[in-house]
Amino acid sequence: MSLTLAIVVGIAMGIVFGIALEKSRVFEPGIIVGQMQLRNFIMLKVFLTAVATGAVVLALLNGFGTVKLQPKAALYDADIVGGLLLGVGITLAGACPGTTLAQIGAGYRDALFTLLGGLCGAVAFSYAQPALSKTFLAQGGGKLIFTDLIGVPYWIGALALAAVIVVILLALEVWRPWRDEMGNDVDGDVLPTTPAAPRTIQAVPAE
């Protein structure tokens, strides 16, 4: 794949992902925090859908020899520590790296601070990486593709993974339909747990 074609495909996929992200409302702070509190599963459904779609696309591209896989080293300790830190940050900020720009576009001014914090964190990590590479966080099992564990071609394993995710998505939708979870508090506002008492207007007697 040429560089020009890769850029065009990347832009097209980014546009499609951005539209899907906005339409699903998964960038809303209430949706994100609700997922972390296991009260709302829209975010999980959207991300699993993205994983299944990506697996099918990669299976086709790799199966026809269009792209070659370039796996990264499996750093288990770093993945666990980094995942925990990322989860805490997502819960506190009500945003994740993939939704911050969408929140800025939707008018969430506090997302600007989230973006600034993410950029500062990236710069800080670049300076700390040489020291971290000498710790247990840099130890892993080398480069690994999940299909190597079961001894099948990647495209077969990717399609099988996508099929399993589809079954999980169907089960989640039956258990928690998205229409029931898309409420008025997706923007993070806290709704009252009990209905407010009706207001009454008393007439003032004329003097």
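All figures in this text were calculated on a predicted structure; none of them were measured in a lab.

**So, the overall build of the chain**
The helix and strand tally for the chain stands at nine helices and zero strands. Walking the chain from its N terminus toward its C terminus, one meets helices and strands in the order α-α-α-α-α-α-α-α-α. Within the chain, the proportion of its 207 residues that are buried is 21%. If you take every contact in the chain between residues at least 6 apart in sequence, the share linking residues at least 24 apart comes to 68%.

**Here we look at the side chain of Gln35**
Among the structural elements, Gln35 can be located in helix α2 (residues 29-36). Here Leu44 takes part through its backbone nitrogen, which lies 3.0 Å from a polar atom of the side chain of Gln35. Filtering out sequence-adjacent residues up to four positions away, Gln35 remains in contact with Asn40, Phe41, Ile42, Met43 and Leu44.

**A look at the packing of aromatic side chains**
Ring pairs (aromatic) are described by centroid distance and by the angle formed between their planes. One pass over the full model with this rule turns up one aromatic pair. Measuring from centroid to centroid gives 5.1 Å for Phe41 and Trp175, while their planes differ by 55°, and the two rings are tilted. Taken as a pair, Phe41 in the loop between α2 and α3 (42-63) and Trp175 in helix α8 (residues 154-175) lie far apart in primary sequence, 134 residues in all. Since its relative accessible area comes to 53%, Trp175 is described here as exposed.

**A short note on the pattern of salt bridges**
In total, this model carries five salt bridges according to the counting rule given. As a salt-bridge pair, Glu28 and Arg25 come within 2.5 Å of each other at their nearest N and O atoms. Relative accessible area serves as the criterion here: at 5%, Glu28 is assigned to the buried category. Under the relative-accessibility criterion, Arg25 is labelled partly exposed at 26%. Connected via shared salt-bridge partners are Lys45, Glu173, Arg176 and Glu181.

**Some words on unusual backbone geometry**
You will see that Arg25, though not glycine, has its phi angle at about 60°, which is positive. Positionally, Arg25 belongs in the loop between α1 (3-24) and α2. Unlike most non-glycine residues, Leu38 shows phi in positive territory, near 60°. Relative to the assigned elements, Leu38 resides in the loop between α2 and α3.

**Comments concerning the confidence of the model for the chain**
Mean pLDDT for the chain: 83, with 87% of residues reaching 70 or above. Under a pLDDT of 50 for its full length, residues 188-194 has, in the predicted model, three contacts with residues more than four places off or in other chains.

**Digging into a nonpolar patch on the surface**
Together, Val56, Leu60, Phe64, Trp155, Ile156 and Leu159 line one region of the surface with nonpolar side chains, adding up to about 570 Å² of accessible area. Counting only elements with at least two residues in the nonpolar patch, the list comes to α3 and α8. Among the elements that line the nonpolar patch, the one with the most residues is α8, at three residues. When you line up the elements, Leu60 lands in helix α3. Classification of Leu60 by relative accessible area gives partly exposed; the value is 46%.

**Focus on α8**
Taking 1.5 Å of rise per residue, 22 residues should cover 32 Å, and α8 covers 31 Å from first to last C-alpha, within 8% of that figure. Buried within α8 we find Tyr154, Gly157, Ala158, Ala162, Ile165, Leu169 and Leu172. Take α8 and look down its axis: the buried residues cluster within an arc of 135°, on one side only. Opposite the buried face of α8, by more than 90 degrees, sit the exposed residues Val167, Leu170 and Val174. Taken together, the buried residues of α8 touch α3 and α7 (146-150).

Reading the values: rules and limits
Residues numbered from 1 in each chain as written. Predicted model: local features only at pLDDT ≥ 70, side-chain atom pairs only at ≥ 80, totals over all residues. Heavy atoms only, no water. Helix = DSSP H or I, 4+ residues; strand = E, 2+ residues; numbered from the N terminus. Buried < 20%, exposed > 50% of the residue type's maximum accessible area, 1.4 Å probe, protein only. Contact = heavy atoms within 4.5 Å. Polar contact = N/O pair within 3.5 Å; in protein donor to acceptor, adjacent residues only side chain to side chain. Phe/Tyr/Trp six-rings, centres within 6.5 Å; stacked < 30°, edge-to-face > 60°. Salt bridge = Lys/Arg side-chain N within 4 Å of Asp/Glu carboxyl O. pLDDT = per-residue confidence, 0-100. Patch = residues over 30% accessible without salt bridge, like charges linked within 9 Å, V, L, I, M, F, W, Y side chains within 5 Å. Areas by Shrake-Rupley, 256 points an atom, 1.4 Å probe, with all protein chains shown as cover. Expected span 1.5 Å × (residues − 1). Arc of directions from axis to C-beta.

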